[in-house]
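Summary of the model geometry
This is what each chain is made of:
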Amino acid sequence: MSHVTYLKLEGKTFGFWMLLAVLAGVVAVGLGAALYMEHNGHWVTGMNNQIVWGTPHVFAVFLIVAASGALNVASIASVFGRQLYKPLSRLSGLLAVALLVGGLMVLVLDLGRPDRLTVAMTYYNFKSIFAWNIILYIGFIVVVAVYLWMMFERRFNEYSKPAGLAAFLWRLILTTGTGSIFGFLVAREAYSSALLAPMFIILSFAYGLAIFILVLMSAVAWSGRTLGDVTLNRLKNLLGVFVASVLYFVVVYHLTNLYMTGKHDVERFILLDGGVYTRMFWIGQILIGGVLPLVLLFSPLSRSRGMIVLAALLVVLGGLAQMYVTIIGGQAFPMPLFPDKIVSSSFADGVVAQYAPSLPEVLLGVGGIAIALLLTAYAIRVLPFLPQSLADADVDPHHGQG
Amino acid sequence: MKTVFLKAVLALALLASPAAFAAGGKKPERVPLPTIQVNKDRGEQCVEPTDVMRRNHMQFILHQRDETMHRGIRTVKHSLKNCINCHADPKTHSVLGKDGFCESCHRYASVSIDCFSCHSAEREARSAEPAAATGPRALKAAAKGTKP
Amino acid sequence: MNINRRQFLALGGAAAAATLAPGLRLIELAQARSPEEAAAAAHRWGLLIDANKCADGCTACVDACFTENGVTGHGRPATDAQWIRKVTLKDKQTGQVQSLPLMCQHCEHPPCVDVCPTGASFKRIDGIVLVDKHICIGCRYCMMACPYKARSFIHEDTTGQKAHAPRGKGTVESCTLCVHKVDRGDGTTACAEACRQAGHQAILFGDLKDPASEISKRLATQPSQQLRADLKLNTGIRYQGL
């Protein structure tokens with residue numbers, strides 16, 4: 001096994017500081033938006049008593065799911081012994097923590113009472129999957145921090161394997177918990193399914209790797225390092241496999257629902273006449289997030305690095321669309337309180353709930369992405385997360401078990 | 001060496017800066033001292049001795065809220081409503097406001113009060129309760145089952 | 001003393017009335033809990049709503065609830081809280097129309113209580129489901145979980161609250177079954193009382209665990225339903241005439 005040299009980013013160029021400044025600016029705007037929403041109350045947002053989780057949650061859940069998926073690369077190296085991925089492990093761990101912090105920031109700042117965060121950390125209802133998620137998220141940061149430490153400190157390197165296994169198992173439980181937030185809800189037709197937990201795991205594989213590829217390619221290109229085709233091709237093929245797996249889960253989910261007459265209404269809503277939700281599903285989730293990336297990644301088009309970047313970006317966009325359909329579309333569909341009746345009331349019973357994303361919500365969500373990227377960019381300057389070179393000659397050509 | 005000297009000078013300047021305010025011999029009067037108008041027009045004294053209340057009123061409120069909320073125990077003695085009914089300013093009928101019983105002290109001590117984002121800070125209408133129905137004498141009598 | 005039979009009977013009647021009257025009053029008072037007493041598992045409070053008696057277009061229950069609990073609107077129907085609402089149903093096959101009030105169903109197995117991360121959403125021992133707004137962090141997960149969409153989130157600063165019904169920005173709330181009235185021994189809720197005064201008597205409040213209560217007697221002798229009974233939540237609010 002060839003020895004990998006890691007180097008801090010020099011980070012003295014004007015471009016680097018501009019990047020940090022821009023990201024910091026976006027974060028500041030996001031925080032300002034959160035302050036505006038908290039001070040005035042949520043009536044200034046698009047969220048209401050029918051759609052209680054909106055755009056901030058779309059971004060937050062996306063980031064949290066992507067965070068656990070970003071750790072995948074490190075897990076493949078530590079847990080499954082693929083030496084090719086080993087130089088990428090440190091960045092993978094860093095990105096996982098950064099994305100999680102971004103997602104949590106958005107989630108906490110959108111709470112009705114964010115000042116009661118200490119209450120959330122001290123009063124626990126252990127029957128609530130949400131409460132378990134709080135423990136899992138905080139624990140994830142600790143576990144990955146320890147894992148990174150094992151990788152950084154030469155004398156602890158032998159412990160990086162058990163630490164990596166612990167992190168891998170923890171993130172599986174975490175993502176199961178995130179999917180179960182929706183899967184455990186009996187009330188809503190679009191949720192209440194055991195499939196959501198494993199589906200979120202497979203979503204995390206795709207989103208996390210897409211963001212990892214984007215960050216890796218940017219960091220390598222802008223710091224003058226080399227990223228060889230061997231590594232990149234492995235990553236791009238893996239992303240293609242994950243995107244295909246996501247499509248499989250989506251097909252199974254909808255096919256099963258279509259088999260139940262009781263679920264035909266909600267399926268018709270998502271697939272056919274749900275307006276924006278139907279468009280988001282077919283164009284956003286399936287086409288942009290699934291079919292197009294598959295074409296780009298598995299056809300000869302993938303020889304171009306630009307196409308790989310485009311594919312990863314499309315996966316991210318498709319992921320956001322998928323979260324929008326799941327979270328907001330799932331709430332918009334009316335609850336079946338009186339199955340054989342046409343229902344009307346002053347509280348939007350029996351009708352599709354109205355929702356339009358408001359600017360403060362979007363700014364907060366984007367602020368979450370920005371803080372994740374800001375933390376990553378700054379961290380790779382402070383500590384040696386990036387390998388010096390990922391050129392084909394430097395990367396071990398024997399890559400472990402084949 | 002030069003940078004160390006510079007840093008030392010800056011540090012000393014920072015530490016000494018409050019003295020610039022005291023140089024005039026006057027304390028900075030940014031926060032007004034609390035005006036403690038107890039509004040004792042309901043009874044003779046509070047349900048607890050003053051020094052006990054001063055130190056522990058937050059514990060009473062905290063304990064009472066859980067008892068009332070979760071167990072349905074609505075003991076009048078430590079109920080927030082009872083405190084407000086007694087201590088509300090006779091003019092504004094509230095415990096908030098510049099001279100409000102709760103707010104003037106809390107503002108001085110810079111301890112934010114969370115209660116009144118949800119709880120009404122205003123005294124209930126007098127006609128809803130006969131006078132002295134919640135003072136210490138009435139509570140003692142109620143416990144014994146006799147009339148006050 | 002010489003009294004005739006008529007006088008004796010009159011005296012006896014008066015004496016009996018004088019003996020019994022305070023006793024009847026005492027029974028009422030005995031049902032009113034003293035403030036120091038905790039809520040008891042011996043009771044389970046609930047409502048029986050007869051949809052046949054509910055009048056289309058009447059909102060007496062809604063108005064009474066909003067007045068009693070200080071639920072004020074801000075002219076923003078999407079975000080204004082609604083603890084209770086009138087729902088109009090039209091049968092898809094037959095076209096028959098009816099209306100009924102819908103509020104928190106005070107389930108025995110409330111999904112909102114299961115999902116609350118801090119335990120702010122809880123069920124009191126006598127069956128009333130409440131939000132402890134002291135520990136509510138405003139995450140709205142309970143609103144996602146409620147099968148009846150019974151909960152509302154307070155989207156703006158709130159003033160002018162009733163002393164017995166605290167409510168504030170950033171927390172979630174729902175029908176409390178007039179818990180302040182229940183604890184005081186009023187024996188009814190604002191909505192039930194308003195419906196009675198409006199002459200419809202469609203809402204009946206009572207103790208589901210007391211076989212002698214009117215609600216228990218009616219439930220034992222007439223058919224009734226729960227909403228979304230397939231979820232097996234054993235709601236405290238039962239409906240007739242659906």
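None of the values given here were measured: they were computed from a predicted structure.

1. Observations regarding the interface of chain C and chain B
Frequently, the measure chosen for interface size is the accessible area that the parts lose on association. Listed as interface residues are 18 residues of chain C and, on the opposing side, 15 residues of chain B. Classifying every residue of the side of chain C that touches chain B gives 6 nonpolar, 4 polar and 8 charged.

2. Some details on the confidence of the model for chain A
In regions of low pLDDT, the predicted coordinates are not meant to be interpreted in detail. When the pLDDT values of chain A are averaged, the result is 94; 98% of them are 70 or greater. When mean pLDDT is taken per element in chain A, helix 2 (residues 55-70) of chain A scores highest with 98 and strand 1 (residues 6-7) of chain A scores lowest with 89.

3. Re the sheet that holds strand 8 (residues 203-207) of chain C
Residues and elements named next belong to chain C. If you walk across this open sheet you meet the 3 strands as 8-1-9, and the pairing is mixed. The open sheet has two free edges, formed respectively by strand 8 and strand 9 (237-240), since each of these has just one partner strand. Taking the axes of each pair of neighbouring strands and ignoring which way they run, one obtains an average angle of 20 degrees across the sheet. Bridge count for strand 1 (residues 45-50) against strand 9 is 4 bridges, and the pairing is parallel. Of the residues in strand 9, the one forming a bridge with isoleucine 49 is tyrosine 239. Across the sheet, helix 7 (residues 214-221) lies against strand 1, strand 8 and strand 9, angled at about 105 degrees from strand 8, the strand it touches most.

4. What about the packing of helix 8 (residues 196-222) of chain A against helix 12 (residues 305-332) of chain A?
All names here are of chain A. One can describe the packing of helix 8 onto helix 12 by two numbers: an axis separation of 9 Å at closest approach and a directional angle of 140 degrees. Here helix 8 is positioned oblique relative to helix 12, judged by the angle of their axes. Remark: the crossing between helix 8 and helix 12 carries left-handed chirality. Across the interface between the two elements, Leu203, Ala206, Tyr207, Ala210, Ile211, Ile213, Leu214 and Met217 from helix 8 touch Ile308, Val309, Ala312, Leu313, Val315, Val316 and Gly319 from helix 12.

5. Description of the interface of chain C and chain A
At the junction of the two partners, chain C supplies 46 residues and chain A supplies 36 residues. Of all elements in the fold, only strand 2 (84-91), helix 3 (111-115), helix 4 (141-145) and strand 6 (152-153) of chain C reach the threshold of two or more residues within the side of chain C that touches chain A. For the side of chain C that touches chain A, the element with the most residues is strand 2 of chain C, which contributes 7 residues.

6. Things to note about the domain arrangement of chain C
Looking at chain C, the domain boundaries give domain 1 (1-31) and domain 2 (45-240). Between domain 1 of chain C and domain 2 of chain C, the C-alpha centre-to-centre distance is 43 Å.

7. Details of the environment of A:Ser358
All names here are of chain A. Looking at the element boundaries, serine 358 is found in the loop between strand 2 (341-345) and helix 13 (359-382). You can call serine 358 partly exposed: it has 18 C-beta atoms within 10 Å. Along the primary structure serine 358 and methionine 47 are separated by 311 residues, whereas in three dimensions their C-alpha atoms are 8.4 Å apart. Apart from residues no more than four positions distant in its own chain, serine 358 is found in contact with Thr45 and Gly46.

What counts and what doesn't
- Residues numbered from 1 in each chain as written.
- Chains lettered and ligands numbered in written order.
- Predicted model: local features only at pLDDT ≥ 70, side-chain atom pairs only at ≥ 80, totals over all residues.
- Contact = placed C-beta atoms within 7 Å.
- Nonpolar A, V, L, I, M, F, W, Y, C, P; charged D, E, K, R; others polar.
- pLDDT = per-residue confidence, 0-100.
- Helix = DSSP H or I, 4+ residues; strand = E, 2+ residues; numbered from the N terminus.
- Pairing = 2+ DSSP bridges.
- Axes fitted to C-alpha atoms, helices over the stretch in contact; angles between N-to-C directions.
- Parallel < 35°, antiparallel > 145°, perpendicular 65-115°, else oblique.
- Left-handed = near helix turned anticlockwise from the far one by under 90°.
- Domains from an automatic or database assignment.
- Buried ≥ 20, exposed ≤ 12 C-beta atoms within 10 Å, placed from the backbone.

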